[in-house]
Each structure stands twice: as structure tokens, then as C-alpha cells.
Amino acid sequence: MATYKVTVATGDMVEAGTNNSISITLVGSNGESRQTTVSFLFLPGKEKSLSVHCGQDLGPIVLIRLHKWRLFLEDAWFCKDVRVTAPNGTLYRFPCYQWLEGVTTVEVREGSGKKLVDDKLQILKEHRNRELAARQEAYRWKNFAQGWPRCLSVDSIFELDSNIQFSCIRATNFTGFLVFQGASHFMSGFLLRYSSWNSLDEMRTIFSRTQGRDIVPEYVAKHWQEDDFFGSQFLNGNNPIIIRCCTTLPLNFPVTPEMVAGSLGSDTDLGKELQEGRIFIVDYKVLEDIPTDTIYGRQQYIAAPLCLLHQGTDGLLRPIAIQLSQTPGPCSPIFLPSDDEWDWLLAKTWVRNADFYIHQLLTHLLRTHLFGEVFAIATLRQLPTCHPFFKLLMPHFHFTLHINTLARSVLINQGGLIDKGSGVTYEGLLLVVQRGLEQVTYTSLCLPDDIRQRGMSHVPNYHYRDDGMSLWEAIESFVTGIVTFYYDGDAAVSGDTELQAWVMDIFTNGFLGRTSSGIPSSLQTVAELIKFLTMVMFTCSVQHAAVNNGQYDLGAFVPNAPSSMRHPPPCEKGRAFLQHFLDTIPEVATTANILVALILLSSQLKDRRLLGQYPEERFTEAEPRRLIRAFQGRLEEIRDQIEARNQVAELRYNYLNPLETENSISI
């Protein structure tokens, strides 16, 4: 007689327990036990212990089966893990972390990370195949729009599997319902005002009532007209990835040395500044000829500007020339800091409007949310639970499929918040993302390569770059440890058929098989694998934090990030004045609608999991657990560095503080 001691743990979240019957079967290399009842009552956060008696030693325990059945009412159960101690004292751990619903049997592998080649037993190979077949049936691809990355084939959050839905705490707290209603109520005096703002100062009243969240918006309201602040946002604002060093002016942006001489200073000229790398450009060509919509019956307008910036001797970036179209000519003047105050301010505001679109639709939606969903679906479809990279990556997809499904229902859908509050038509929205995907490159998704490619390595005060590089290197070090623990060389990488299927799924469904993107369709070396995994984890955590967390801070004061423009771009100088400006930026009601969305997107909800937090202990071996602790220690060092810098900063850059950076795209 062989006796196995078994401990079954229930998750600690609300409603994790059950009063349904749970039983267990142990499966070893030499046989399996009889089905043994564990209990009829499981409480959240509690454990149940039992002994399983077998007629013989089962050998190493490689698999368990959890059986759930009910006599009357259904009561779902969330199993945290199961621990089995063999007669010889060997402890086997079975991380589960999933809901069991209905009358069901769930098979759970022993927790060691295993590649396909590591499985020698036929029963484990068969389990692997069954699991992937079931997942590929459950998580199917569909087209949301032509030329977009493909997404999960569900129409609402109610179709999602329980294991990828919001937790009860988050669902209850989710500001999609609570803050949305609260914000609507608090802004009820604005939502029905379809007229222009009465003054610039009046715009501050819409956010000054938001307790505790008005510090940065007040700073923006005070400084938004300043060229220094305008330039700084291309480095440390919501869209810090569009600016690039300019060594040769585009042919369609005919800025002359005489135009900018006053901005550059007396001891230099445009040619010298271009040659020495102190001229920078932002180009919104992707917005050219995008169809515009009406809001409250009034036609809206969009521009595709170019903006030239100069790094002064003090290290600060300032705009020195703006053209509001891609076609120079008499009706597309180049605006300069020496122009009339309102001409220059209006030109900068048109740039900020263009930046709003590019940030929301490309930098934020496409390059974090949509790609994060692609990574998540491919992982669920191609990597079994026991695969080392399933264990590594799943925490970085926590709630992503839920939030994206919700976004397709209320935010980016036809008639959704973005459609109602911005100046582009729904078709225009779809077209911008389609164009954006066509321009995405692998280089642009890998921060060190992107910084070099854009020529931004030596620009001072670029906190997004500096904090981002620290976090990229921390993630890369962690990933390197995991990869080298499980893969002993390049042949192990190229020979992992599940890994290759995963990469191909991402290439095909995320980047639509476009080889010119440079996105790999296979991984042949350890170095290639480390880089790709680092990119995935960085995108789903750090990059999303960088482009999401400051949306309310920098967008609450509407002239700094207008979502629409109600007059066409000016064709000549000398026509702008205060009332024209107020009549161009969004009216009161549109401002209120967009601010509701910004509050929602910038909210910090309960049940957050910060970068490096892994409450689900999916790795059971000692080395991966040591690597996690080392990663967490490095993140603490980065946190301290950022907070030390922020103590002496006039405007803190805290969006990449690990204490503000979530592990996944969950909002």
C-alpha cells in the first residue's frame, strides 16, 4: 500500500469557493490512483488535505485530474494549486489557477516547465495535444476591420472564458461603470452645453473638481502655451515615440534658413544645426486625406502637419516651424514663433490635435492594446500550460482580452466614445489604424533599436527613453535567465515546434504576414528568442504604462490635446484671435465626453498587478523563482532612481515608475 498526502488550495478571490463535490485522481509514470473525494465544501483562501491510498507506488506523479460534479445548484470553483507528497517524501506541485465550472474534469500537469521534446511519456504528449486542440477551438481569430491585427472571435465580454474575465473585485470596481457614471454626474453641467467655452480659464473648471487629480492638469493649464512645454511633450508626454532627429529637410517642408534664424541664435544656422543633430521633426503624414465627421451637426476638420523642433544650448526642445499640410504652397504657410501670438498658438494646437489622433489610435490602441491581444491569443493557442513561456508570459496578458473586448463594445466601435468625441469618421478611424499597421516595424517595437533608429540617444531630459531603457534591460536580464535555463542552445530554439508555431501565429495574425515589417516569422537562435520575448513583455507592461497613464494628466485641459477641430486649418496668417481659437477647439459637451474617456483610461483599479508581481506561482523550479526575486530587486532599484529624480523635478515623470507600471494591459 502506497499513501500519498494531498493538499488542495482554493484561490483567495471573492467567490472562489464551492459547495460542489471535488475529487482527485493521481497519475504517475507507473499507473494512476482511484478517484478520491476531496470535499464538498471549499472556502476562499483555504486548503483541504487528504490521503490517497494506492495498491502500488505510482512512480513520479506527472498529472492530476480534478473532477467536479454537482447534485443540485452549480457553484464554480477556482483552484489555486495542488501539492502531492509521495511515500518517499518527494513533493510534487501542480499550479492550477483556473475556474472549474459545471460537471467537468480538468487535467493539471506537474509544475516543471517542459518543452515538447522534454515529454517522454505518451500520456503527457497526448495531454499536450488535447490541451492545445481545446484551446485552439476556444480561442479563435477573427477580423475586426480590414488591415487591422486580428482579434479574439467574441462579440461581448459575456462570451469570454471565465479564466480571462475580470475578477469579481475588478468587475465591481471597474470604472467603465462606476467612474463613467460618477464622471457623467460630476460633469452633468457640461454634457448638455453645445457652445464654445467662454474663456480659456473656464476650461479649468471641468477638471478642478476632480479631487486629487488636478495637480498636473493645473500645471498644463498654466504652461501649455509655452514653446518649452510644447517641445517637452514629444519626449515625456503621451506620445514619446514619434519625434526623430532630422538631418535633411523633407522636400515637402521648405523651411529656409532665414525663416528660423531668429529661433536658432546668432552664432549658428540651419545647415549647421541639421548637420550636428540638433534639429528634430514630427510628421503626421498618416493623417493625410482622412475623412472627417460632424459633431452635433457641425463639420469637423483634420490636418496632417509637419513640425520642426530645435534643441537649444540649454538642452530644451522648442518648435521653430510648423506646416499644417503635406503639400506646401500659398494655402499652406509655414508658421513661425515670430508670427502673431494667436497664429503661432493655433498652429501648435493643430499639431497637438494631430498628436491626439496618432497617440490614441496608433501609439496606444494599435501598438499596445491590439498587439498585446495578438500576443495573448497566440500564447493561448500555441503554448501548453507546461511550456516555460506560457508560464512566463501569461501574467503579462492578465485581463487584456477582457479590456479589449470591452473597448470594441464601447470605445472604438461605431458610435462609441472615440467616434462621438473625435473629428474623424468611423471609417477614418479604421483607415488610420490600417495605415499605421502598414508602417510598424520590428525595430520600432524594440526600444533600444527604436531610440537609435530615431536618432534620439543623446537628447537630454528624455525620461521616457532613460526609464524605458532601464526597464527594458531589467526585463531582458530576467528573460535571459529563463531562456538559458530551459534552452541549452540555438538548436533547442529552432527545434521547438510549439515555439515556432507561436511566432508564426503572431506574424500571420498580428502583422498580417508582412515581411517588410521585419517581424520574425520564426526564431532560430537564443539571442533572437530573448529579444522577441523581451519585446512582448515590454509592450504589454512598460510601453502601455508610458502611453496610457498620463492621458488624464496631459489631456484634461482641452487645448493641450484637442480631440477635434471645428474650423479648417488656416490658409493664411493674421486671421487668428482668441474667439476664433475658442470656436475651433472642441465645444463644452465634446470636451466633457472625451474627458470621461480619459478618466476611464487613466483610472487605477483595484486588483492591479504591478510589473514584477507574480501572485500566481506558475514556476515551481528553484532557478526561475530566484530569477523572479532578482527581477523584483532590480525594479526596486529603478523605482528608487526615478523617485529620487522626481523629488527635484518641477514636473514629475512618474509614468514608468514600477509602482505605476502594471504587468499587463488591463485598462
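Residues numbered from 1 in each chain as written. Predicted model: local features only at pLDDT ≥ 70, side-chain atom pairs only at ≥ 80, totals over all residues. Heavy atoms only, no water.

A. Seen up close, the overall build of the protein chain. Summing up its helical and strand segments, the protein chain has 22 helices and 18 strands in all. Its C-alpha atoms give the protein chain a radius of gyration of 28 Å, near enough to 26 Å, the size a compact globule of 667 residues would have. When the backbone C-alpha atoms are referred to their principal axes, the protein chain occupies close to 95 × 55 × 45 Å. Buried positions account for 60% of the 667 residues belonging to the protein chain. With an accessible surface of roughly 26100 Å², the protein chain has 51% of that area assigned to carbon and sulfur atoms. Positive and negative charge centroids in the protein chain, built from 60 and 73 side chains respectively, lie 6 Å apart. (Helix = DSSP H or I, 4+ residues; strand = E, 2+ residues; numbered from the N terminus. Rg over C-alpha atoms; globule rule 2.2 N^0.38 Å. Buried < 20%, exposed > 50% of the residue type's maximum accessible area, 1.4 Å probe, protein only. Areas by Shrake-Rupley, 256 points an atom, 1.4 Å probe, with all protein chains shown as cover. Lys, Arg positive; Asp, Glu negative; His and termini not counted. Charge placed at Lys NZ, Arg CZ, Asp CG, Glu CD.)

B. A look at the UniProt feature "binding site: Fe cation" (unreviewed entry) in the protein chain. Here the UniProt-annotated "binding site: Fe cation" (unreviewed entry) positions come out as His 364, His 369, His 544 and Ile 667. These annotated residues cover 304 residues of sequence, and their C-alpha atoms all fall within 11.4 Å of one another, placing them together at a single site. Lining the largest cavity, from the residues named above, are His 364, His 369 and Ile 667. As for its position among the elements, His 369 is in helix α8 (residues 341–382). Those residues within four positions of His 369 in sequence are excluded, and the remaining contacts are His 364, Ile 403, Asn 404, His 544, Ile 665 and Ile 667. Here Ile 667 shows up in the segment after α22 (622–647). (UniProt positions renumbered as here; feature names shortened; annotations may be inferred. 1 Å grid on protein atoms, 1.4 Å probe; cavity = no way out; pocket = protein on both sides within 12 Å on 5 of 7 lines; lining within 4 Å. Contact = heavy atoms within 4.5 Å.)

C. Spotlight on the state of the cysteines. For the structure on display, the rule yields one disulfide. The disulfide partner of Cys 331 is Cys 571, and the S-S distance across this bridge is 2.1 Å. Looking down the S-S bond of the Cys 331 and Cys 571 bridge, the torsion is 60°, so its handedness is right-handed. With Cys 331 in the loop between β17 (317–323) and β18 (334–335) and Cys 571 in the loop between α19 (551–555) and α20 (578–584), this residue pair connects regions lying 240 residues apart in the sequence. According to the relative accessible area criterion, Cys 571 is partly exposed, its value standing at 37%. Unpaired in terms of disulfides, Cys 96 finds its nearest cysteine sulfur in Cys 79, a separation of 3.9 Å. With no disulfide of its own, Cys 540 lies 13 Å from the sulfur of Cys 446, the closest cysteine sulfur. What makes Cys 540 buried here is its relative accessible area of 0%. (Disulfide = S-S within 2.5 Å.)

D. Layout of the sheet that holds strand β7 (residues 77–85). One open sheet accounts for four strands, arranged β5-β1-β7-β8; its pairing is antiparallel. Whereas interior strands pair on both sides, the edge strands pair on one side only; in this sheet they are β5 (47–54) and β8 (91–100). Neighbour-to-neighbour, the strand axes of this sheet turn through a mean angle of 20°, independent of strand direction. Examined bridge by bridge, strand β1 (residues 2–10) and β7 share six bridges and lie antiparallel to one another. (Pairing = 2+ DSSP bridges. Axes fitted to C-alpha atoms, helices over the stretch in contact; angles between N-to-C directions.)

E. Structural view of the UniProt feature "binding site: Ca(2+)" (unreviewed entry) in the protein chain. Using the residue numbers shown here, the UniProt feature "binding site: Ca(2+)" (unreviewed entry) corresponds to Gly 17, Asp 75 and Ala 76. Over a stretch of 60 residues, the named residues converge on one spot in the fold, their C-alpha atoms separated by at most 8.1 Å. Topologically, Asp 75 is positioned in the loop between β6 (61–69) and β7. If we skip the residues at most four places from it in the chain, Asp 75 touches Gly 17, Thr 18, Asn 19, Asn 20 and Lys 68. Within the secondary structure, Ala 76 sits in the loop between β6 and β7. Residues in contact with Ala 76, not counting those within four places in the same chain, are Glu 15, Ala 16, Gly 17, Thr 18, Lys 68, Trp 99, Leu 100 and Glu 101.

F. Structural context of the pattern of salt bridges. This structure, assessed with the given rule, holds 40 salt bridges. One salt bridge in this structure joins Glu 107 and Arg 130, with 2.7 Å as the shortest N-O distance. In this pair, Glu 107 sits in strand β9 (residues 104–109) while Arg 130 sits in helix α1 (residues 122–138), placing the two residues 23 residues apart along the sequence. A salt bridge links Arg 204 to Asp 201; its shortest N-O distance comes to 3.0 Å. (Salt bridge = Lys/Arg side-chain N within 4 Å of Asp/Glu carboxyl O.)

G. Just the packing of helix α17 (residues 497–510) against helix α18 (residues 526–548), in detail. Interaxial distance between α17 and α18 falls to 13 Å at its minimum, and their mutual angle equals 50°. Classed by the angle they form, the pair α17 and α18 counts as oblique. Relative to α18, the crossing made by α17 is left-handed. Between α17 and α18, the contacting residues are Leu 499, Trp 502 and Ile 506 on the first element and Leu 529, Phe 532, Leu 533 and Val 536 on the second. Across the contact of α17 with α18, the residue classes tally to seven nonpolar, no polar and no charged. (Parallel < 35°, antiparallel > 145°, perpendicular 65-115°, else oblique. Left-handed = near helix turned anticlockwise from the far one by under 90°. Nonpolar A, V, L, I, M, F, W, Y, C, P; charged D, E, K, R; others polar.)

H. Local environment of helix α12 (residues 426–439). Across its 14 residues, α12 extends 21 Å between first and last C-alpha, which sits within 8% of the 20 Å expected from 1.5 Å per residue. Among the residues of α12, those classed as buried are Tyr 426, Gly 428, Leu 429, Leu 430, Val 432, Val 433, Gly 436 and Leu 437. (Expected span 1.5 Å × (residues − 1).)

I. Seen up close, the layout of surface pockets. Each pocket or cavity is described by its volume, and for the second largest pocket that value is around 1200 Å³. If you go around the second largest pocket, you meet 44 residues; those closest to its centre are Val 216, Leu 651, Arg 652, Tyr 653 and Tyr 655. Contributing elements (two or more residues each) for the lining of the second largest pocket: α4 (215–223), α5 (227–236), α18, α19 and α22. When residues of the lining of the second largest pocket are assigned to their parent elements, the largest contribution, seven residues, is made by α5. Tallied by class, residues from the lining of the second largest pocket come to 15 nonpolar, 19 polar and 10 charged. (Points joined across faces, edges and corners; volume = space filled by probe spheres on them.)

J. Inspection of the side chain of Ser 563 at higher detail. Turning to its location among the elements, Ser 563 is positioned in the loop between α19 and α20. According to the relative accessible area criterion, Ser 563 is buried, its value standing at 2%.

K. Main features of the sheet that holds β17. One open sheet holds the five strands; their spatial order is β12-β13-β16-β17-β18, and the pairing between them is antiparallel. This sheet does not close on itself; its edge strands, each paired only once, are β12 (244–245) and β18. Pairing geometry for strand β16 (residues 306–311) and β17, over six bridges, is antiparallel. Residue pairing across strands places Leu 309 opposite Pro 319, the latter belonging to β17. Helix-sheet contacts for α5 involve β13 (279–283), β16 and β17, and the interaxial angle to β17 is about 95°. The strands that helix α6 (residues 257–264) touches are β13, β16, β17 and β18; relative to β17, the one it contacts most, it runs at about 160°.

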